[in-house]
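Notes for the structure review
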Amino acid sequence: MDRGPGVLFLACSIAAMAFAGAPSAQRAAGPVHQRDHPAIQYATRIPSDRLAALAKRLSAGETKLTFNTDNGYLTAMLGALAIPLESQVVVFSETSVQAELITPKNPRALFFDDSVAVGWVRGADTLELAAHDPQQGVVFYTLDQRQTAAPRLERQLSCLTCHLSQNTQDVPGMLTFTTQSIPQDKYSYASGFATDHRTPIPDRWGGWFVTGRAGGLHFGNTEVPQSLRPPAGAALRPRVLDSLKGVFDLRGFPTEHSDVVALMMLEHQATMTNLLTRAGWAARIAEYAAAGPSAPRPRPEALDEAIRELVDYMLFVDEAPLPAGTRGSSNFAAIFPARGPRDSKGRSLRDLDLQTRLFRYPCSYMVYSPAFDALPARAKTAAYDRMSAVLSGRIAGEPYGRLSPGDRRAIVEILKATKPGLPASFGDTIK
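Residues numbered from 1 in each chain as written. Predicted model: local features only at pLDDT ≥ 70, side-chain atom pairs only at ≥ 80, totals over all residues. Heavy atoms only, no water.

Notes on the packing of helix 4 (residues 260-290) against helix 5 (residues 302-314)
Which entries qualify depends on this criterion: Fitted lines through C-alpha atoms serve as axes, helices being fitted only where they are in contact, and the angles separating the N-to-C directions of these axes extend from 0 to 180 degrees. Runs of E in the DSSP output that reach at least two residues are strands. Runs of H or I that reach at least four are helices, and both are numbered from the N terminus. Each angle is binned into one of four classes, with values under 35 degrees roughly parallel, values over 145 roughly antiparallel, values of 65 to 115 roughly perpendicular, and all other values oblique. For any pair of crossing helices, the crossing counts as left-handed if the nearer helix is rotated counterclockwise from the farther one by less than a right angle, and right-handed if it is rotated clockwise. When checking whether two residues touch, look at their non-hydrogen atoms; a contact exists if any pair is within 4.5 Å.
Contact geometry of helix 4 with helix 5 gives a least axis separation of 9 Å together with a crossing angle of 155°. Taken together, the axes of helix 4 and helix 5 are roughly antiparallel relative to one another. Crossing hand, helix 4 versus helix 5: left-handed. On the side of helix 4, the interface is formed by Glu267, His268, Thr271, Met272, Leu275, Leu276, Arg278, Ala279, Ala282 and Ala283, while helix 5 contributes Ala302, Leu303, Glu305, Ala306, Ile307, Glu309, Leu310, Tyr313 and Met314.

Structure, rendered in structure tokens:
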């Protein structure tokens, strides 16, 4: 349902989420249409994501959505899903099925939490939504923006045109792209590329509004014709914004921010979500193949590759340095850490650093997600084994040397105190 890479949005542009291929480990291309594999059946299995559950409550009349004239069902939907308003990020690249409506003066707003995203464009016929099913990957929906007594969420498979590709790890997933628009050619979004925490800050956020301080140069807050990009080694000086007031008409927008910390979190989470899905699919397909000689045979190394990239990404071993002075413009950096479990010392994997890196303890909070817990036993065991090997120092050398002994010890202690089901020997003999 997205017209193309553009902006991340855990959802179908929620695809507005422009994500994905920052510098990453090289891997062989996987089949794009594994969604139809008997072990997956993405299109036909009944989803168990949070939007599917909300759709049932709406249909039964157990949940009501209130319509308002400024943004339709957006405010009510965010309340029903308990998605924080502080998560708002705003993108102006023309990169979704609603591209005809999107401009720097009428951008798209995206809202997200750990597993759901909502996208809104003023004047659009629908809200775009996406939720991560713990087994199936990201599932896409729309909600009609015309006032009705019985609003309904409708599942959309057409979003996979853009949301199932190598940019999403060959599974239905999220996207966060940096793009450089060309005013004379509004369909130039394909000139962008996917981003996550591995992407250097100077290469991020083309096509996005960014409020707060990013601590350095980036492509946000400006329209740059492709023909006028600076030469190699040069960089554009971004426009620094503390809020979106005066930048465009804020009617209908719940907040005045496109917080840089929220945007970095969305980038991290998009890739993490896709890597979890990829590992789960690889394990399920391998198990199906082992059950019968007539089953489609996966590449034997597919699961090992998926686990290796998943764990390396979880532990931020390839994270691009974060410039000093990074800070958000909203309350996002305060509310995000408050949502995570803490050990007896008060430490959480959701604690932010924002000095040289995103997190104080470099291990993704997505280890607590339903998607991680839903990994088949084979995949979860392999993930824990590799995490333990890296954190204990048994896997060493570059890029793992950037995890200091103090980092590794703290991560192990936090996980042992807060993660149910962790193997008893996890992280022993830290070197």
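Some thoughts on unusual backbone geometry
For the bond running from glutamate 398 to proline 399, omega is 5°, close enough to zero to count as cis. Tracing the backbone shows proline 399 in the loop between helix 8 (377-392) and helix 9 (405-418). Despite not being glycine, alanine 82 shows a phi value in the positive range, around 55°. Assignment of secondary structure puts alanine 82 in the loop between helix 2 (74-81) and strand 1 (89-91).

Notes on the pairing of strand 3 (residues 116-121)
Stated formally: Only protein chains enter the calculation, and the probe is 1.4 Å; a residue is then buried if its accessible area is under 20% of its type maximum, exposed if over 50%, and partly exposed in between. DSSP calls a pair of strands paired once it identifies at least 2 bridges connecting them.
Burial analysis of strand 3 places six of its six residues in the buried class, which makes it a mostly covered element. The two faces of strand 3 match: Val116, Val118 and Trp120 on one face and Ala117, Gly119 and Val121 on the other face are all buried. Strand direction decides the pairing type here: strand 2 (residues 108-112) and strand 3, joined by five bridges, are antiparallel. Pairing of phenylalanine 111 across the sheet is with valine 118, part of strand 3. Counted between consecutive antiparallel strands, the loop separating strand 2 from strand 3 contains three residues. Pairing between strand 3 and strand 4 (residues 126-133): four bridges, direction antiparallel. If you follow alanine 117 over to strand 4, its bridge partner there is alanine 130. The loop that links strand 3 with its antiparallel partner strand 4 comprises four residues; one of these, glycine 123, has a positive phi angle of about 90°.

Notes on the packing of aromatic side chains
Stated precisely, the cut-off is as follows: Side-chain rings of Phe, Tyr and Trp, where Trp is taken by its six-membered ring, are said to pair if the distance between their centres is within 6.5 Å; with planes under 30 degrees apart they count as stacked, over 60 as edge-to-face, and otherwise as tilted.
A full pass over the atoms with the stated rule returns 13 aromatic pairs. Geometrically, the ring pair formed by tryptophan 120 and phenylalanine 253 is edge-to-face, given 4.8 Å between the ring centres and 80° between the ring planes. Here tryptophan 120 is found in strand 3, whereas its partner phenylalanine 253 is found in the loop between strand 9 (208-209) and helix 4, with 133 residues between them in sequence. Phenylalanine 253 matches tryptophan 120 in its accessibility class, with the two residues each being buried. Ring centres of tyrosine 384 and phenylalanine 426 lie 6.0 Å apart, and the angle between their planes is 80°; on these two criteria the pair is classed as edge-to-face.

Notes on the sheet that holds strand 9
Strand order across the open sheet formed by seven strands is 6-5-4-3-2-1-9, with antiparallel pairing between neighbours. The open sheet has two edge strands with one neighbour each: strand 6 (153-155) and strand 9. Its contacts with the sheet put helix 2 on strand 2, strand 3, strand 4, strand 5 (137-144) and strand 6, and the angle it makes with strand 3 is roughly 175°.

Observations regarding the nonpolar core
For clarity, the cut-off: For the purposes of this section, nonpolar cores are sets of buried Ala, Val, Leu, Ile, Met, Phe, Trp, Tyr and Cys residues that join through side-chain atoms within 4.5 Å.
Among the nonpolar cores identified, the biggest contains 65 residues, and Trp205, Trp208, Met265 and Leu415 are the most heavily contacted of them. If you list the elements that add at least two residues to this core, you get strand 1, strand 2, helix 4, helix 5, helix 7 (370-373), helix 8 and helix 9. The greatest single-element share of this core, amounting to 13 residues, is contributed by helix 4. With 46 residues, the next largest nonpolar core counts Leu51, Val118, Val139 and Leu244 among its residues.

Focus on helix 4
Worth spelling out the cut-off: Helices are assigned an expected span. That span is 1.5 Å times one less than the residue count. Pairing of N or O atoms within 3.5 Å defines a polar contact, subject to two protein rules: one partner must be a possible hydrogen donor and the other a possible acceptor, and residues neighboring in sequence count only if both atoms are side-chain atoms.
Along its 31 residues, helix 4 runs 46 Å from first to last C-alpha, staying within 8% of the 45 Å computed at 1.5 Å per residue. For helix 4, a buried count of 28 out of 31 residues is recorded, marking the element as mostly surrounded by other parts of the structure. Capping the start of helix 4, aspartate 259 holds a side-chain oxygen 2.7 Å from the backbone nitrogen of valine 261, two or three residues further along.

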